[in-house]
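Residue-level structure breakdown
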Amino acid sequence: RIYPLMRVTLTTSDGASVTVSRQLTKHSGFIEKAITDMAVDDNAVPLSAVAVDVDDATLKLVIEWLTEHRDDALPYPEKTDEERRADDIPAWDQAFVQKWDTKEDQQQTLYAVITAADKLDIKGLLDMTCKTLANKINGKTVEEMREILQLECDFTEEELAEIRKENAWCEN
Amino acid sequence: CTFRSNVNYFYCLIFSFNFLFINLPVNPTKMDILKLPDVFLRDLLKYIEIKDRMRLRLTCRAFEELVADTHAGYFNLGFFSRDMNTSIFMGTTRMIEIDFSDEQLEELIDRRQRLYTGITFGNFQFMLDGKPSTMEFLREFTKKWKIENISFVAHNEQQLESSLQLLSNFPGSEVSLALCFHPGTEKLLSLQPMDILQLYPTNDVPRQISVDFFFTLLSKHKNLILKNLSMLTSADWKRVSLIISEEARERSVILLFDETDVQTWLNEYGFTASAQAGDTHGEFEIIKMLEAPDENDDEIELRYRKCKIMIGQS
């Protein structure tokens with residue numbers, strides 16, 4: 001049982017401290033395991049600080065997302081071998097991702113949040129960011145994909161021609 | 001005095017260095033998509049359409065390798081037909097220009113290996129032509145495929161044989177087989193249990209399916225769609241309803257009869273033209289009487305224990 005008023009302090013990779021409710025951290029497999037490993041009674045307040053390998057700015061975004069999703073059901077449903085739909089991202093999540101400033105920053109922030117979601121083991125956030133990135137890629141031209149993913153083409157013209165030839169077996 | 005002065009100067013230098021260090025803007029390390037967790041990238045590629053996987057191959061070497069090294073994900077529909085033209089649909093992507101030569105087969109297998117390590121289809125339908133070259137192609141080309149529901153349409157014995165051969169590539173799949181010809185009793189009896197067996201001969205001279213044979217098929221296959229079935233008596237009809245009703249799993253049987261046969265059964269059970277919803281005769285109960293503007297489109301819904309019976313025009 002998690003008591004809504006219980007709080008846990010997180011120390012970030014750049015030295016900041018953030019105190020959050022256990023209602024939010026219960027969605028993070030990493031933090032919950034860290035608390036379990038402390039072998040403290042759930043009633044013990046305050047808990048020792050949990051160090052997370054995430055910078056302060058990114059952690060704030062993660063906490064913002066967790067706050068919106070604090071009542072999501074747990075455990076997060078396991079992915080089944082069914083068709084993956086990327087068009088079911090909640091409106092709040094879409095707006096959350098879109099507000100990240102300039103185009104380049106948005107992509108960098110998205111990567112930082114993905115990395116944080118992976119390190120903190122927040123499945124819902126990882127899934128949402130995965131769909132967001134897939135939606136950015138699907139239906140785009142090769143040039144647009146390179147721009148979105150910030151990739152440099154390291155093929156020679158001959159190699160590109162060869163891959164285009166290989167791709168010709170499917171209708172584009 | 002000189003010593004003190006040097007010390008001060010020294011302190012001053014240290015302070016200045018610290019000051020510089022603290023105030024220098026931190027050069028943010030630019031994050032690279034390819035440094036994201038491997039499990040994330042593999043998941044991401046499962047959301048990508050086949051044609052977009054192809055475009056991703058062209059972005060850079062790292063993505064070309066990633067595409068080749070990941071599962072393509074799950075596609076609800078797929079289709080193969082070799083008739084006048086060859087069509088293979090994987091999701092919404094259509095393969096083109098297949099000539100089924102040995103040379104091209106090798107080439108296509110190689111290209112497939114550069115596109116995914118595996119692919120899953122919810123439903124895949126094959127309409128085979130029975131030619132050895134098609135079979136050779138499909139046996140190789142579908143090796144990394146998983147199909148949950150596989151269906152075949154066969155118009156002759158050769159196509160049926162090809163379908164059964166290819167089926168051995170997908171031992172865990174649920175199978176639907178639509179036969180547009182009557183392959184003979186022996187062949188029908190030798191078929192493995194199907195999720196759906198459809199026997200819908202389209203030839204001019206219909207071959208009747210005996211009632212006993214119908215019950216044999218019913219005991220073996222989960223769902224049946226049958227045409228040209230000899231007339232069932234009202235007792236046979238009750239027996240079918242009982243079998244379906246007593247099953248724990250969901251089953252369906254679709255039988256195509258002359259309208260007069262159906263009317264005969266309904267009359268034998270006491271249902272007349274004036275029957276209404278709620279009327280019961282024995283354990284049969286009318287649930288719905290749907291009257292359409294054209295009386296040929298009328299539908300009747302009956303219930304026998306747990307079995308629902310729909311009667312309508314096909």
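As the structure is a prediction and not an experimental result, all values here were calculated from the model. (Residues numbered from 1 in each chain as written. Chains lettered and ligands numbered in written order. Predicted model: local features only at pLDDT ≥ 70, side-chain atom pairs only at ≥ 80, totals over all residues. Heavy atoms only, no water.)

In terms of regular secondary structure, chain B is built from eleven helices and 13 strands. Across the 314 residues of chain B, 44% fall into the buried class. Long-range contacts, defined here as pairs at least 24 residues apart, represent 60% of the contacts in chain B between residues at least 6 apart. Accessible area for chain B stands at about 17,500 Å²; split by element, carbon and sulfur atoms hold 51% of it. (Helix = DSSP H or I, 4+ residues; strand = E, 2+ residues; numbered from the N terminus. Buried < 20%, exposed > 50% of the residue type's maximum accessible area, 1.4 Å probe, protein only. Contact = heavy atoms within 4.5 Å. Areas by Shrake-Rupley, 256 points an atom, 1.4 Å probe, with all protein chains shown as cover.)

So, about the UniProt feature "domain: SKP1 component dimerisation" (unreviewed entry) in chain A. The UniProt record marks residues 123-170 of chain A with the feature "domain: SKP1 component dimerisation" (unreviewed entry), using the residue numbering of this structure. Helix and strand shares over residues 123-170 of chain A are 71% and 0% respectively, and the end C-alpha atoms of the span are 34 Å apart. (UniProt positions renumbered as here; feature names shortened; annotations may be inferred.)

Take the sheet that holds strand β10 (residues 280-281) of chain B next. Strand pairing in a sheet takes place through backbone hydrogen bonds and is either antiparallel or parallel in direction. All names here are of chain B. Here we have four strands laid out as an open sheet, ordered β10-β11-β12-β13, and antiparallel in their pairing. The strands lining the two open edges of the sheet, one partner per strand, are β10 and β13 (307-311). Here strand β12 (residues 299-304) pairs with β13 via five bridges, running antiparallel. Along β13, the bridge assignment pairs isoleucine 300 with isoleucine 311. Along the sheet, helix α10 (residues 234-246) contacts β11 (284-290), β12 and β13; its crossing angle with β13, the most-contacted strand, is approximately 135 degrees. (Pairing = 2+ DSSP bridges. Axes fitted to C-alpha atoms, helices over the stretch in contact; angles between N-to-C directions.)

All names here are of chain B. Here strand β7 (residues 196-199) shows one buried face, formed by Leu197 and Leu199, and one open face, formed by Ile196 and Gln198. In this structure, strand β6 (residues 174-179) lies alongside β7, joined through four bridges in parallel fashion. When the bridges of β7 are listed, alanine 178 appears paired with glutamine 198. In terms of handedness, the path from β6 via helix α8 (residues 185-190) over to β7 forms a crossover that is right-handed. The sheet contact formed by β7 and strand β8 (residues 223-227) spans four bridges and is parallel. What sits directly across from glutamine 198, in β8, is isoleucine 225. (Right-handed = clockwise from strand over helix to strand, strands pointing away.)

Attention now goes to the packing of aromatic side chains. All names here are of chain B. Considering all chains together, one arrives at 17 aromatic pairs over all chains under this definition. Seen in terms of ring centroids, tryptophan 237 and tryptophan 265 are 5.1 Å apart; in terms of plane orientation they differ by 35 degrees. Their pairing is tilted. Placement of the pair is tryptophan 237 in helix α10 and tryptophan 265 in helix α11 (residues 259-268), with a sequence separation of 28 residues. When its relative accessible area of 8% is taken as the criterion, tryptophan 237 is described as buried. An angle of 55 degrees between the planes, with centres 4.5 Å apart, marks the rings of tyrosine 269 and phenylalanine 284 as tilted. Linking tyrosine 269 in the loop between α11 and β10 with phenylalanine 284 in strand β11, this pair joins segments that are 15 residues apart in sequence. Judged by relative accessible area, which is 16%, tyrosine 269 ranks as buried. (Phe/Tyr/Trp six-rings, centres within 6.5 Å; stacked < 30°, edge-to-face > 60°.)

What follows covers the side chain of B:Thr142. Position of B:Thr142 among the secondary structure elements: in the loop between α6 (132-141) and β5 (145-154). Beyond its immediate chain neighbours, meaning those up to four positions away, B:Thr142 contacts B:Arg112, B:Phe126, B:Leu166, B:Asn169 and B:Phe170.

What follows is about the pattern of salt bridges. Side chains that differ in charge, positive against negative, can pair when their charged atoms come close. Under the definition given, this model contains 28 salt bridges over all chains. Here B:Arg61 and A:Glu159 are joined by a salt bridge, their closest N and O atoms 2.8 Å apart. Taken together, the residues B:Arg61 in helix α4 (residues 61-68) and A:Glu159 in helix α8 (residues 157-167) connect one chain to another. In this structure, B:Glu140 engages B:Lys143 in a salt bridge whose closest nitrogen and oxygen atoms are separated by 3.0 Å. B:Lys143 gets classed as exposed once you look at its relative accessible area, which sits at 53%. A single network of salt bridges, built from pairs that share partners, joins A:Glu166, B:Arg57, B:Glu64, B:Asp110 and B:Arg114. (Salt bridge = Lys/Arg side-chain N within 4 Å of Asp/Glu carboxyl O.)

If you look at the biggest cluster of nonpolar residues, it comprises 126 residues, and the most contacted ones within it are B:Met90, B:Phe126, B:Phe137 and B:Trp145. Setting aside anything within four residues of it in sequence, one finds B:Phe126 in contact with B:Phe80, B:Leu138, B:Thr142, B:Trp145, B:Ile147, B:Ile150, B:Ser151, B:Phe152, B:Val153 and B:Leu166. By size, the runner-up hydrophobic cluster in this structure holds five residues, among which are A:Phe155, A:Leu160, A:Ile163 and B:Leu58. (Core = buried A, V, L, I, M, F, W, Y, C linked by side-chain atoms within 4.5 Å.)

Glancing now at the environment of B:Phe100. Residue and element names in this part refer to chain B. Assignment of secondary structure puts phenylalanine 100 in the loop between β3 (93-95) and α5 (102-113). In this structure phenylalanine 100 comes out as buried when scored by relative accessible area, which is 9%. Note: C-alpha distance between phenylalanine 100 and threonine 202 (102 residues apart in sequence) is 29 Å. Residues in contact with phenylalanine 100, not counting those within four places in the same chain, are Phe80, Arg82, Thr86, Ser133, Thr134 and Phe137.

Applying the stated criterion across every chain, the model contains zero disulfides over all chains. Here B:Cys60 is not cross-linked by a disulfide; its sulfur's nearest cysteine counterpart is in A:Cys153, at 7.8 Å. You can call B:Cys60 buried: its relative accessible area is 3%. (Disulfide = S-S within 2.5 Å.)

Our focus in this paragraph is the side chain of B:His182. Along the chain, B:His182 falls in the loop between β6 and α8. Beyond its immediate chain neighbours, meaning those up to four positions away, B:His182 contacts B:Leu188, B:Leu199, B:Pro201, B:Arg207 and B:Ile209.

Time to look at helix α9 (residues 211-220) of chain B. Structurally, the α-helix is built with 3.6 residues per turn, so residues lying three or four positions apart point the same way. Among the residues of α9(B), B:Val211, B:Phe213, B:Phe214, B:Phe215, B:Leu217 and B:Leu218 are the ones counted as buried. In this structure, the buried side of α9(B) is in contact with α8, β7, β8, α10 and β9 (253-256) of chain B.

Moving on: the interface of chain A and chain B. Each partner contributes to the interface: chain A provides 49 residues, whereas chain B provides 45 residues. Linking chain A with chain B are three salt bridges, by the criterion used here. Counting across the chain A and chain B interface gives 14 residue pairs in polar contact (both at pLDDT 80 or more). Contributions of two or more residues to the side of chain A that touches chain B are made by α5 (103-120), α6 (123-137), α7 (142-149) and α8 of chain A. For the side of chain A that touches chain B, the leading source of residues is α6(A), giving eight residues. For the side of chain A that touches chain B, a count of residues per class yields 20 nonpolar, ten polar and 19 charged. (Polar contact = N/O pair within 3.5 Å; in protein donor to acceptor, adjacent residues only side chain to side chain. Nonpolar A, V, L, I, M, F, W, Y, C, P; charged D, E, K, R; others polar.)

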